[in-house]
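# Chains, contacts and geometry: an overview
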Amino acid sequence: MLTALLLQLFGDDPRRETGVYLLLTGKRTVSVLYAGMRAHILQWLLLYPTLARTDYQAAIAQLIRAGVLAKTDSGLILTDKNAQVRAAQAIQLPDAYRPWMGLTAFDQRLTLAVQAVSENGAGVHHYRPAVSDWGVQQQVRRWYKQGIQPHTFADELQSLFAALPQAAGDVLAAGFIGHEFVGSGQGDLATQMRRTQALAQLVTLLDENTQKWPQTAALWGGRQAIFPRTQTQIVDLLDQGFSREAIGQRLRVRPSTVNEHLLTAAIMGQALPLEGLFPAGVKGAFDQVPDAAETNYQTILTQVPASDFFQVRLFQILQFQGRWPENDRS
Amino acid sequence: MIDLDAMLQQKFGFSAFRPGQRELIEATLRGQDALGILPTGSGKTLCYQLPGRLQPGLVVVVEPLLALMADQVARLQARGERRVVALGSDLSPDEARFVKMHLADYRFLFISPEMLLRGDVQALLRQLTISLFVVDEAHCISQWGPDFRPAYLQLGNVIHALKPRSVLALTATAPNRVQQDIVNGLGLRQPFAFIASVDRPNIFMGVMQVADAQSKHTDLLAVTQAVQGPKILYFDRRQQAEEVAAQLQEKGQYAAFYHAGMTASARELVARQFMVDQVDVICATSAFGMGIDKPDVRLVCYTYLPESLEAFTQGIGRAGRDGAQSAALLLLAPADMARASQFASTLPDAKMIKTIFAHPELYTKMNDPQIDLIEAYIQSGFSEAETLAKLTARLAEKQASLQAMVGFVNAPGCKRAALVAHFDDLVPTHTDLCCGELTPAVIAQLAPATAVKSQAPQAWQAVFKQIFTFAN
Ligand SMILES: [Zn+2]
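Chain B has the name RecQ family ATP-dependent DNA helicase in an unreviewed UniProt entry, where Lacticaseibacillus yichunensis is given as its organism.

Taking an unreviewed UniProt entry as the reference, chain A is identified by name as Helix-turn-helix domain-containing protein belonging to Lacticaseibacillus yichunensis.

Moving on: the overall build of chain B. Assigned secondary structure in chain B consists of 20 helices and 14 strands. Relative to the 2.2 N^0.38 estimate, which gives 23 Å for 472 residues, the radius of gyration of chain B is 23 Å and therefore close to what a compact globule would have. When the backbone C-alpha atoms are referred to their principal axes, chain B occupies close to 65 × 60 × 45 Å. For chain B, the share of sequence-separated contacts (at least 6 apart) that also reach a separation of at least 24 residues comes to 75%. Carbon and sulfur atoms form 54% of the exposed surface of chain B, whose accessible area is close to 19,500 Å². The average position of the 43 basic charges and that of the 46 acidic charges among the side chains of chain B differ by 5 Å.

Residues and elements named next belong to chain B. Looking at the zinc ion, one finds its protein donor set to be Cys 414 (SG), His 430 (ND1), Cys 434 (SG) and Cys 435 (SG), positioned 2.1 to 2.3 Å from the metal centre. Classification of the site at the zinc ion as tetrahedral follows from its 4 donor atoms and the range of 99 to 116 degrees in their angles at the metal. Counting gaps between the donor residues of the zinc ion yields the pattern C-x15-H-x3-C-C.

A few words now on helix α4 (residues 53-65) of chain A. All names here are of chain A. Helix length check: α4 (13 residues) gives 18 Å between terminal C-alpha atoms against 18 Å at 1.5 Å per residue, within 8%. Considered for burial, the residues of α4 that qualify are Tyr 56, Ala 59, Ile 60 and Leu 63. Projected down its long axis, α4 shows its buried positions confined to an angular sector of 100 degrees, all on one face. In this fold, the buried residues of α4 make contact with α1 (2-7), α2 (17-25), β1 (69-72) and β2 (75-78).

Here we come to the domain arrangement of chain A. Here chain A is partitioned into domain 1 (2-93), domain 2 (100-220), domain 3 (227-272) and domain 4 (278-330). The straight-line distance from the C-alpha centre of domain 2 of chain A to that of domain 3 of chain A is 37 Å.

Counting 120 residues, the largest nonpolar core has Phe 286 and Leu 314 of chain A as its most contacted members. With 10 residues, helix α10 (residues 189-208) of chain A is the single largest residue contributor to this core. The contact partners of Leu 314 of chain A, leaving out residues within four places of it in the chain, are Leu 263, Ala 266, Leu 272, Leu 274, Leu 277 and Phe 278 of chain A. With 72 residues, the next largest nonpolar core counts Leu 221, Tyr 258, Ala 266 and Leu 299 of chain B among its residues.

Once that is clear, we can look at the UniProt feature "domain: Helicase Helix-turn-helix" (unreviewed entry) in chain A. As annotated in UniProt, the feature "domain: Helicase Helix-turn-helix" (unreviewed entry) corresponds to residues 235-315 of chain A in the numbering used here. Its end C-alpha atoms 17 Å apart, residues 235-315 of chain A is made of 59% helix and 0% strand.

Listed by partner, the interface residues are 50 residues for chain A and 49 residues for chain B. Here chain A packs against chain B, burying approximately 4,100 Å² in sum over the two surfaces, 58% of which is carbon and sulfur. Among the residues of chain A in contact with chain B, Arg 128, Trp 134 and Val 182 of chain A are the three that bury the most area, contributing 19% of the side total. Summed over the shared surface of chain A and chain B, the result is 2 salt bridges. Measuring nitrogen to oxygen at the nearest pair gives 2.7 Å for the salt bridge that ties Asp 71 of chain B to Arg 128 of chain A. Listing elements by their share of the side of chain A that touches chain B, those giving two or more residues are α4, α6 (103-121), α7 (134-145), α8 (150-162), α9 (166-173), β3 (177-178) and β4 (181-182) of chain A. Looking at which element gives the most residues to the side of chain A that touches chain B, the answer is α8 of chain A, with 8 residues.

This part is about the packing of helix α14 (residues 255-267) of chain A against helix α17 (residues 309-321) of chain A. Between two packed helices, what matters for the description is the angle formed by their axes and the separation of those axes. Residues and elements named next belong to chain A. Where α14 contacts α17, the two axes come as close as 10 Å, and the packing angle between them is 5 degrees. On the basis of their axis angle, the class for α14 and α17 is roughly parallel. For the pair α14 and α17, contact is made by Asn 259, Leu 262, Leu 263, Ala 266 and Ile 267 and by Phe 310, Arg 313, Leu 314, Ile 317 and Gln 321, respectively. Looking at side-chain class alone, the contact of α14 with α17 contains 7 nonpolar, 2 polar and 1 charged residues.

About the criteria used
Residues numbered from 1 in each chain as written. Chains lettered and ligands numbered in written order. Predicted model: local features only at pLDDT ≥ 70, side-chain atom pairs only at ≥ 80, totals over all residues. Heavy atoms only, no water. Helix = DSSP H or I, 4+ residues; strand = E, 2+ residues; numbered from the N terminus. Rg over C-alpha atoms; globule rule 2.2 N^0.38 Å. Contact = heavy atoms within 4.5 Å. Areas by Shrake-Rupley, 256 points an atom, 1.4 Å probe, with all protein chains shown as cover. Lys, Arg positive; Asp, Glu negative; His and termini not counted. Charge placed at Lys NZ, Arg CZ, Asp CG, Glu CD. Donors = N, O, S within 2.8 Å, 3.2 Å for Na, K, Ca; no water. Tetrahedral: all angles 85-135°; square planar, octahedral: opposite > 155°, others 65-115°. Expected span 1.5 Å × (residues − 1). Buried < 20%, exposed > 50% of the residue type's maximum accessible area, 1.4 Å probe, protein only. Arc of directions from axis to C-beta. Domains from an automatic or database assignment. Core = buried A, V, L, I, M, F, W, Y, C linked by side-chain atoms within 4.5 Å. UniProt positions renumbered as here; feature names shortened; annotations may be inferred. Buried area = accessible area lost by both parts, 1.4 Å probe. Salt bridge = Lys/Arg side-chain N within 4 Å of Asp/Glu carboxyl O. Axes fitted to C-alpha atoms, helices over the stretch in contact; angles between N-to-C directions. Parallel < 35°, antiparallel > 145°, perpendicular 65-115°, else oblique. Nonpolar A, V, L, I, M, F, W, Y, C, P; charged D, E, K, R; others polar.

Written as structure tokens, this is what we have:
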């Protein structure tokens, strides 16, 4: 059923086979993110971190053989719209999902926490842990030691589940392991995606109202930083009025690294102070570019000779997102 | 003198030792090296769990696979042992640093052979008293064997440097020359050896070659429905495992599938559903089995030709661990033979080796056995030329393993005798319930097993009532 999932990530515009794979598994480079943004699939970043490349390749090959995807020089295109509609019926993409939710790890923590509370509540302290990952075990142990009481956690989880759609609560509970209890969940990809959706809905509630469900919110741990701290530092310094060169010197990172972080931040929708990045003359020249939707950066570079690759790419990103300030255009 | 029986009862809840356990434990306790060849499911792990709890110092256990490590850690945790940790490639750098800093706090350390070869890890271990050094799946040291793992070749040096009080090598199957490789390779000093028979008299050895894929499929479904109790069906393709599970579900069977493409949580869930009898047919790839210590599996069926008799013996050994009559079945169509020999002749070529050697960091965690093997050579310090030479030599070994498997399938006469002879074991006498076709008459003689238990409720409210019994 992997084919049904993957088919939904392709469209009329050519998309690189590798780029889509790297997006799903969470490779966060500018080129992967930029392509993902243009293809409107950026929201699926990190959706499937455990997807093996060989499985991905086999599924794509199968889709090509079936004639629903076709190879072009610049990537794969969808050739059968109906097949895509059928795929969406077979496996629903979890639209509540966001990359910052950190669902893979939270899923494990929740599973282990529920087991620990269930076993301890039943007076059992030695049991085979439902999650073998050492890091997860340590995190849940620390969480528990903050003063978790089985009955208060059970009550909280109950009220949290009651705030979810019934089906979402059901699919999550079917994955639970507890004292003398094993959920009836299945291992297929459609279930995995339904579970991701349910977990995403649950995290959405936690994110909106941390106070209401404090123990579960603590277990979740808040929004996940999916980019390194350097990126935040760079954006902060830019906000304070430092130039790209000065930022690089201050943080001792290469100019190209500064540029990559800023482009990544822009792709992910962060607001950047454009005055510091585009001198007035250059900004004006970009405003005059004949076709603002031009995808070839070389073309724009020749139209704005005073600019560099960074500025062109940033211009393209902001144009695509509808965030390029249009006021100077006459 | 410690009362081992009392210890066994107290700490592990068993009333008696299984064959070989006491002898191996006593050897390690008196500081003697030991070699234990014990079939899977016969309690290999107790041989180091018990000494680990009796002696001061660290027990280091070398495991070839992360899944094996995770399973061993979970078993010890289930017994209430907290001072246990696995130092594997799945830890983040921060986690690994923490574990290394606190090594002295642990009683059991599970570690991959590659991790053990690292200088910093050895330096830390040299500062500790190692009471027992365990090499699990010790047959991985033998280049004659199908599971050869390059880093195992270096373990002898590691043992020499770490100077543990005693060394215990464990494996499920090892013909004579592999036993020799283990003793020499690890540098065991006059080891005590316990070698159990590979023969499992209570497992009927079914071998059936059918005309084509269609009749194979029909037979598979029929046999699965006819045999009562827990069953494991092995496939060499994930998709097939999924499809057959779905077909069995349609026929009213409690079936599930299991393979490495599933998330860790889904795998854990399905394995537990099988353990507690909520599911009684598992359609799996070879990823299923580790940590599955279910006593009453009544049928293990291979729907493809396993790569070796070692793998086959290990797989079917999951049947009938309670000693009651159970069955194994190797169900093959003509195309399966060709497919297997194609697998056995694929090995990485020189170009691929060169590419990976140039940038080994780019190819880790590719989930491709061929690439993983090359990575293993790199991690173990082999040069590109050595790797190519070793892999070329391995091709011949792989084909020899397959030939042994084919020889078994085509062996005239008793299949059990053919299997046992491969492991240099004493040949048993053929009986009516020994080997051949898995007919309805044979199936009728299989031991009864637990029926499928009621399923977990669907509604989350009902689930909460069951798992949070203490809540209102
Ligand atoms: Zn026989």
